[in-house]
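Now for the letters of each chain:
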Amino acid sequence: MRWSVSRGHPFRVAGDLLVVAVGKGKGGADLSPLFALMDQDPALVRTVRAGGFDGTAETWLGLPHLASRAGWVLLVGAGPAGEISLDTLRRIGGVAAQR
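Residues numbered from 1 in each chain as written. Predicted model: local features only at pLDDT ≥ 70, side-chain atom pairs only at ≥ 80, totals over all residues. Heavy atoms only, no water.

**Some points on the pairing of strand E3 (residues 60-65)**
Of the two faces of E3, the one lined by Leu-61, Leu-63 and His-65 is fully buried and the one lined by Trp-60, Gly-62 and Pro-64 carries no buried residue. As paired elements, E3 and strand E4 (residues 71-80) share 6 bridges and run antiparallel to each other. The partner of His-65 across the bridge, within E4, is Gly-71. (Buried < 20%, exposed > 50% of the residue type's maximum accessible area, 1.4 Å probe, protein only. Helix = DSSP H or I, 4+ residues; strand = E, 2+ residues; numbered from the N terminus. Pairing = 2+ DSSP bridges.)

**A look at the pairing of E4**
The buried count for E4 comes to 8 of 10 residues, which makes it a mostly enclosed element. Pairing analysis gives 6 bridges linking strand E1 (residues 18-25) to E4, with the strands arranged parallel. Looking at the pairing, Ala-21 lines up with Val-76 of E4.

**Re the confidence of the model for the protein chain**
With 80% of its residues at a pLDDT of at least 70, the protein chain reaches an overall mean of 80. Of all secondary-structure elements in the protein chain, the lowest mean pLDDT belongs to helix H1 (residues 32-38), at 69, while E4 reaches the highest, 88. (pLDDT = per-residue confidence, 0-100.)

**Quick word on helix H3 (residues 86-98)**
Residues three or four positions apart in an α-helix share a direction because the helix packs 3.6 residues into each turn. Taking 1.5 Å per residue as the helical rise, H3 with its 13 residues ought to reach 18 Å, and the 19 Å between its terminal C-alpha atoms agrees with that figure. The inward-facing, buried residues of H3 abut E1, E3 and E4. (Expected span 1.5 Å × (residues − 1). Contact = heavy atoms within 4.5 Å.)

**Section: the sheet that holds E1**
Pairing in this open sheet of 4 strands is mixed, and the strands run E2-E1-E4-E3 from one edge to the other. In this open sheet, the two edge strands, each paired with only one partner strand, are strand E2 (28-29) and E3. Together, E2, E3 and E4 form the strand contacts of helix H2 (residues 42-50), whose direction differs from that of E3 by roughly 145°. H3 contacts E1, E3 and E4 of the sheet and is inclined by roughly 140° relative to E4. (Axes fitted to C-alpha atoms, helices over the stretch in contact; angles between N-to-C directions.)

Dropping the structure here:
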């Protein structure tokens with residue numbers, strides 16, 4: 001398995017899977033960072049809510065996403081949105097590697 005980190009727009013980066021850390025907000029998953037990328041896609045919100053994903057640490061939800069060059073997006077819960085640390089990102093990488 002080969003990992004790479006890119007500073008470009010996530011949906012323009014080619015790869016097999018795009019992993020996105022999602023914090024847990026008061027009402028469930030804090031999808032605001034994704035909205036900036038996806039023009040507030042209401043279908044995404046419905047899909048995430050229907051899947052029961054709420055951003056709890058180390059939970060995950062895989063979704064096909066044709067707008068990204070990767071084709072698939074793996075949302076990984078990062079826990080409370082205001083408490084994301086380097087260790088949180090390491091754990092998210094571990095969750096992604098297991099999937």
